[in-house]
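Chains, contacts and geometry: an overview
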Amino acid sequence: MRAVQRAARIVTALTEHPYPLGIVELAKFVGLSPGSVHRLLATLVSVGWVEQNSRTSKYRLGMGAVGIGSVALVSNPVVLDSRAHLSRIAQWSGHDAVLSTLVGGKTVQLARSAGVNTELIEFEPGHPQPAHAMADGKLLLAYLPEDEVRDAVGVEEWRRFTRNTITDFDRMRREFEEIRAQGYAVDNFERFDTGRGIAVPVVDSGGRPLAAMMCLGKLDPAQDAELVQQLQSVAREMSDRLNASGDLPSSSFEPT
């Protein structure tokens, strides 16, 4: 069990970083010795989940992991069911609607529906975004224990993207408390100067978040309350539909 957990931490670290990593870098990110990381990498390479650059000796996700992720995107019931619900949000609001999950300190968008007012780049599933600067990321981080947040995000390395980006952990802790109390998260131009987002959780049968449903764009703050209500209604409907079909999974998030 411990070896599986450690291997998962290495795969997660490689997922978070778009560039290949060396053994020493990986050891720092996952909190293991270089020797342990080297042994685990050898196993991951042998099964195709990780590949090594023959010139730099650095590691990246392998074709095996790419194939598994691609199959999951086209077969996972949560992702498949979300598309119709996201389309409704996008049509109603005029802005982009997104389903995303948390991978370490990044959010990864799984599905997206463009609104008529969208000005963002073409959507590519799997592109990571910094969790601390996005509504969906803050929402999902808020349900993690504090020590896991620190491990996942690396508080000392929080990057400021705009003048509104929260980089102080005490302030972020207060933000998390507010998110849990109100049931939704907002980023006020914290990632992009040109847009903001509002996110609500899609929950399992125990009320724990499975994913985040987010609307983003040039959102009018005067319409936030109405948008939150619409997002929560659609997210509940999605959870109920998946539960009725037996396809609602259990969340990996522990109660905070």
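Because the structure is predicted, anything quoted here is derived from the model rather than measured. (Residues numbered from 1 in each chain as written. Predicted model: local features only at pLDDT ≥ 70, side-chain atom pairs only at ≥ 80, totals over all residues. Heavy atoms only, no water.)

**Quick look at the overall build of the protein chain**
Definition in use: Each helix is a run of H or I in the DSSP string that is no shorter than four residues. Each strand is a run of E no shorter than two, and both are numbered from the N terminus. Radius of gyration means the value over C-alpha atoms here, while the globule rule gives 2.2 Å times the residue count to the 0.38 power. Here's how the labels work: a residue is buried when its accessible area is under 20% of the maximum for its type, exposed when over 50%, partly exposed in between, all with a 1.4 Å probe on protein chains only. For this analysis, residues touch if any pair of their heavy atoms sits within 4.5 Å.
From N to C terminus, the protein chain includes nine helices and eight strands. By the compact-globule yardstick of 18 Å for 256 residues, the protein chain fits well, its C-alpha radius of gyration being 19 Å. Overall, the C-alpha framework of the protein chain stretches about 55 × 40 × 35 Å when taken along its three principal axes. In the protein chain, which comprises 256 residues, the share counted as buried stands at 45%. Taking as baseline every contact in the protein chain between residues at least 6 positions apart, the subset at least 24 positions apart corresponds to 56%.

**Observations regarding the packing of aromatic side chains**
Selection rule: Classification of ring pairs rests on two measures: the distance between centres of Phe, Tyr or Trp rings, Trp counted by its six-membered ring, which must be within 6.5 Å, and the angle between planes, read as stacked under 30 degrees, edge-to-face over 60 and tilted in between.
Counting across every chain of the model gives one aromatic pair. Their ring planes at 45° and their centres at 6.0 Å tell us that tryptophan 158 and phenylalanine 169 sit as a pair that is tilted. With tryptophan 158 in the loop between helix H7 (146–153) and helix H8 (169–182) and phenylalanine 169 in helix H8, this residue pair connects regions lying 11 residues apart in the sequence. Taken as a pair, tryptophan 158 and phenylalanine 169 share a single burial class, namely buried.

**Comments concerning the confidence of the model for the protein chain**
The criterion, for reference: Per residue, pLDDT measures the predictor's confidence, with a range of 0 to 100.
Per-chain confidence: the protein chain averages 88 in pLDDT, with 94% of residues scoring 70 or above. For the protein chain, per-element mean pLDDT is lowest for H7, which scores 72, and highest for helix H6 (residues 135–141), which scores 95.

**A look at the sheet that holds strand E8 (residues 209–217)**
The cut-off we apply is this: In this description, strands pair whenever DSSP reports at least two bridges between them. The axes used here are C-alpha line fits, helices contributing only the stretch in contact, and every angle between their N-to-C directions lies in the interval 0 to 180 degrees.
On the basis of which strands lie adjacent, the open sheet formed by six strands has the order E5-E4-E3-E8-E7-E6 and antiparallel pairing. Two strands bound the open sheet, and with one partner strand each, they are strand E5 (128–130) and strand E6 (185–192). Averaged over neighbouring strand pairs, the angle between their axes works out to 40° when direction is ignored. For strand E3 (residues 96–103) and strand E4 (residues 106–113), the ladder comprises seven bridges, and the chain directions are antiparallel. Paired with valine 98 across the two strands is arginine 112, which belongs to E4. Each of E3, strand E7 (195–203) and E8 is contacted by helix H9 (residues 224–245), which is oriented at about 30° to E7, the strand it contacts most.

**With respect to the pattern of salt bridges**
Under the convention used in this document: Criterion for a salt bridge: a side-chain nitrogen of Lys or Arg within 4 Å of a carboxyl oxygen of Asp or Glu.
Counted according to the given criterion, the structure contains 10 salt bridges. In this structure, the salt-bridge partner of glutamate 51 is arginine 60, at a minimum N-O distance of 3.3 Å. By sharing partners, the salt bridges in this structure join Lys138, Glu175 and Glu190 into a single network.

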